[in-house]
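Structural description and commentary
Here are the chains, one letter per residue:
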Amino acid sequence: MSKWLKKACCDAEIEKRVTAHVLRHSYATHLLQSGVDLRTIQEALGHSSVKTTEVYTHVLHAITGKARSPLDDL
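Reading the values: the criteria
Residues numbered from 1 in each chain as written. Predicted model: local features only at pLDDT ≥ 70, side-chain atom pairs only at ≥ 80, totals over all residues. Heavy atoms only, no water. Helix = DSSP H or I, 4+ residues; strand = E, 2+ residues; numbered from the N terminus. Buried < 20%, exposed > 50% of the residue type's maximum accessible area, 1.4 Å probe, protein only. Contact = heavy atoms within 4.5 Å. Areas by Shrake-Rupley, 256 points an atom, 1.4 Å probe, with all protein chains shown as cover. Salt bridge = Lys/Arg side-chain N within 4 Å of Asp/Glu carboxyl O. Axes fitted to C-alpha atoms, helices over the stretch in contact; angles between N-to-C directions. Parallel < 35°, antiparallel > 145°, perpendicular 65-115°, else oblique. Left-handed = near helix turned anticlockwise from the far one by under 90°.

**Here we look at the overall build of the chain**
- If you tally the helices and strands in the chain, you get five helices and zero strands.
- Expressed as a percentage of its 74 residues, the buried residues of the chain come to 19%.
- Partitioning the intrachain contacts of the chain with sequence separation of at least 6 by distance along the chain shows that 32% fall at a separation of at least 24.
- Taken as a whole, the chain presents about 5,900 Å² of accessible surface, with 58% of it coming from carbon and sulfur.

Below you can see the structure in the form of C-alpha coordinates.
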(Lines give C-alpha, C1' and ligand atoms only; values in the text may rest on other atoms or scores of the structure.)
Protein backbone atom coordinates (compact mmCIF):
# COMPACT_ATOMS: atom_id res chain seq x y z
CA MET A 1 0.00 0.00 0.00
CA SER A 2 2.72 2.49 0.89
CA LYS A 3 4.50 2.10 -2.47
CA TRP A 4 1.21 2.63 -4.30
CA LEU A 5 0.38 5.63 -2.13
CA LYS A 6 3.83 7.15 -2.54
CA LYS A 7 3.61 6.78 -6.33
CA ALA A 8 0.10 8.26 -6.42
CA CYS A 9 1.23 11.27 -4.37
CA CYS A 10 4.26 11.72 -6.59
CA ASP A 11 2.12 11.50 -9.75
CA ALA A 12 -0.28 14.07 -8.27
CA GLU A 13 2.64 16.29 -7.26
CA ILE A 14 1.60 16.22 -3.60
CA GLU A 15 4.62 17.17 -1.56
CA LYS A 16 3.06 16.76 1.88
CA ARG A 17 3.69 13.39 3.55
CA VAL A 18 0.62 11.20 3.11
CA THR A 19 0.18 7.85 4.86
CA ALA A 20 -2.60 5.29 5.07
CA HIS A 21 -3.31 6.62 8.57
CA VAL A 22 -3.74 10.15 7.20
CA LEU A 23 -6.19 8.89 4.56
CA ARG A 24 -8.15 6.91 7.18
CA HIS A 25 -8.30 9.92 9.48
CA SER A 26 -9.40 12.20 6.64
CA TYR A 27 -12.06 9.70 5.60
CA ALA A 28 -13.55 9.57 9.10
CA THR A 29 -13.43 13.34 9.51
CA HIS A 30 -15.13 13.96 6.16
CA LEU A 31 -17.85 11.42 7.00
CA LEU A 32 -18.53 13.30 10.24
CA GLN A 33 -18.59 16.63 8.39
CA SER A 34 -21.14 15.14 6.01
CA GLY A 35 -23.43 14.18 8.89
CA VAL A 36 -22.78 10.44 8.98
CA ASP A 37 -23.51 9.05 12.44
CA LEU A 38 -20.75 7.73 14.70
CA ARG A 39 -22.06 4.15 14.71
CA THR A 40 -21.84 3.96 10.92
CA ILE A 41 -18.31 5.41 10.96
CA GLN A 42 -17.35 2.98 13.73
CA GLU A 43 -18.41 0.06 11.55
CA ALA A 44 -16.69 1.49 8.46
CA LEU A 45 -13.40 1.86 10.34
CA GLY A 46 -13.71 -1.48 12.13
CA HIS A 47 -13.51 -0.02 15.63
CA SER A 48 -14.73 -2.39 18.33
CA SER A 49 -15.72 0.53 20.56
CA VAL A 50 -17.50 3.75 19.64
CA LYS A 51 -15.19 5.47 22.15
CA THR A 52 -12.34 4.98 19.67
CA THR A 53 -14.40 6.58 16.92
CA GLU A 54 -15.32 9.54 19.15
CA VAL A 55 -11.72 10.79 18.78
CA TYR A 56 -12.75 12.15 15.40
CA THR A 57 -15.46 14.33 16.95
CA HIS A 58 -12.74 16.29 18.75
CA VAL A 59 -11.04 16.97 15.43
CA LEU A 60 -14.32 18.14 13.95
CA HIS A 61 -14.90 20.55 16.84
CA ALA A 62 -11.35 21.89 16.46
CA ILE A 63 -11.80 22.71 12.77
CA THR A 64 -15.27 24.23 13.08
CA GLY A 65 -15.17 27.77 11.80
CA LYS A 66 -11.91 27.32 9.90
CA ALA A 67 -11.48 27.37 6.14
CA ARG A 68 -13.02 24.48 4.27
CA SER A 69 -10.98 22.16 2.12
CA PRO A 70 -11.56 22.50 -1.64
CA LEU A 71 -12.03 18.74 -1.63
CA ASP A 72 -15.09 19.04 0.62
CA ASP A 73 -17.37 19.67 -2.35
CA LEU A 74 -16.11 16.87 -4.57
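We are not done yet, so read on.
**Some details on the environment of H30**
- Tracing the backbone through its elements, the reader meets H30 in helix α2 (residues 20-33).
- Taking relative accessible area as the criterion, H30 reaches 34% and is therefore assigned partly exposed.
- Between the C-alpha atom of H30 and that of Y56, which follows or precedes it by 26 residues, the distance is 9.7 Å.

**Some words on the pattern of salt bridges**
- Tallied over the entire structure, the rule returns three salt bridges.
- A salt bridge links E43 to R39; the nearest nitrogen and oxygen atoms lie 3.4 Å apart. A residue pair is termed a helical-turn pair when its members lie 3 or 4 positions apart in one helix, as E43 and R39 do in helix α3 (residues 38-45) at four residues.
- What makes E43 exposed here is its relative accessible area of 53%.
- Given the relative accessible area of 47%, R39 is considered partly exposed.
- For K51, the salt bridge goes to E54, with nearest N and O atoms at 3.8 Å.

**Regarding unusual backbone geometry**
- Positive phi is not limited to glycine here, since E13 has a value of about 60°.
- Within the secondary structure layout, E13 lies in the loop between α1 (2-11) and α2.
- Take E13: its relative accessible area is 68%, and that puts it in the exposed class.

**As for the packing of α2 against α3**
- Where α2 contacts α3, the axes come no closer than 10 Å and their chain directions differ by 160°. On the basis of the axis angle, α2 is roughly antiparallel to α3. With respect to the hand of their crossing, α2 and α3 are arranged in right-handed fashion. Residues R24, Y27, A28, L31 and L32 of α2 lie in contact with α3, whose contacting residues are L38, I41, A44 and L45.

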